[in-house]
Amino acid sequence: MKGRRDRHADRIGRDATRKQAARDDPGPSPLRGIGAFGVIGWSVAVPTVGGAFLGLWLDRIWPQAFQWTIAMILGGLVVGALIAWAWIDREGRG
């Protein structure tokens, strides 16, 4: 009878340890992945749209042979891609 109780207590202890480990390190979450897509999207979209508005303003006040709007959109896209890359790199390191 005592051996049976010891096995039961051992099983309860192992289960408790496993559950505590799962609580301490929950692992990857699908919602975290969706959130990452959102952050990456906004980090690219905001500088790109900001570049478009800056380019439109520059085209109005300082016309050139080239269009500032296109240059600023491309510049915003590059800046946004760098921000997204830095964010992914920082998150990947943990």
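Along each chain, residues carry numbers from 1 onward, in the same order as the chain's sequence is written. With the structure being a predicted model, the display of local features is reserved for residues of pLDDT at least 70 and the display and counting of side-chain atom pairs for 80 or more, all residues being used for whole-chain, interface and lining totals. Derived side-chain values reflect all non-hydrogen atoms in the structure, with water molecules and hydrogen atoms excluded from consideration.

1. Comments concerning the environment of Thr48
Now for step 1: A run of H or I in DSSP becomes a helix once it reaches four residues, and a run of E becomes a strand once it reaches two; helices and strands are each numbered from the N terminus. By the secondary structure assignment, Thr48 is in helix α2 (residues 30-61).
Now for step 2: By relative accessible area, which is 18% here, Thr48 ends up buried.
Now for step 3: Considering only alpha carbons, one finds Thr48 and Arg32, 16 residues apart in sequence, at a separation of 24 Å.
Now for step 4: Beyond its immediate sequence surroundings of up to four residues, Thr48 is in contact with Ile73, Gly76 and Leu77.
Now for step 5: Polar contact is the term for a pair of N or O atoms within 3.5 Å; when the atoms are in protein, one must be able to donate a hydrogen and the other to accept it, and sequence-neighboring residues count only if both atoms are side-chain atoms. Within the local environment of Thr48, its side chain forms a polar contact with the backbone oxygen of Val44, the two atoms lying 2.7 Å apart. A simple rule labels every residue: compare its accessible area, found with a 1.4 Å probe on the protein chains alone, to the largest value its type can have, and call it buried under 20%, exposed over 50%, or partly exposed in between. Contact definition: two residues touch when any of their heavy atoms are within 4.5 Å.

2. So, the packing of α2 against helix α3 (residues 68-93)
Now for step 1: Close contact between α2 and α3 brings their axes to 7 Å; oriented N to C, the two are set at 155°. With respect to α3, the axis of α2 lies roughly antiparallel. Judged by the sense of rotation from one axis to the other, the crossing of α2 with α3 is right-handed.
Now for step 2: Think of it as three bins: nonpolar holds Ala, Val, Leu, Ile, Met, Phe, Trp, Tyr, Cys and Pro, charged holds Asp, Glu, Lys and Arg, and polar takes everything else, Gly as well. In terms of residue class, the contact of α2 with α3 is built from 19 nonpolar, 7 polar and 3 charged. Axes here refer to lines fitted to C-alpha atoms; in helices the fit is confined to the stretch in contact. Angles between the N-to-C directions go from 0 to 180 degrees. Angle categories: roughly parallel below 35 degrees, roughly antiparallel above 145, roughly perpendicular from 65 to 115, and oblique for all the rest. In this scheme, a crossing is called left-handed if the near helix is turned counterclockwise away from the far one by less than a right angle; it is called right-handed if the turn is clockwise.

3. What to know about a nonpolar patch on the surface
Now for step 1: Each patch is built from residues that are more than 30% exposed by relative accessible area and take part in no salt bridge. Like charges join if they lie within 9 Å; nonpolar side chains (Val, Leu, Ile, Met, Phe, Trp, Tyr) join within 5 Å. Surface accessibility in these figures is a Shrake-Rupley result with a 1.4 Å probe; residues are shielded only by whichever protein chains are displayed. Within this document, salt bridges are pairs made up of a side-chain nitrogen of Lys or Arg and a carboxyl oxygen of Asp or Glu, the two lying within 4 Å of each other. Taken together, the side chains of Leu54, Trp57, Ile61 and Trp62 make up a nonpolar region of the molecular surface, amounting to roughly 440 Å² of accessible area.
Now for step 2: For Leu54, the position within the fold is in helix α2.
Now for step 3: Overall, the relative accessible area of 39% leaves Leu54 in the partly exposed class.

Geometric descriptors of this kind do not, in isolation, establish any biological role.
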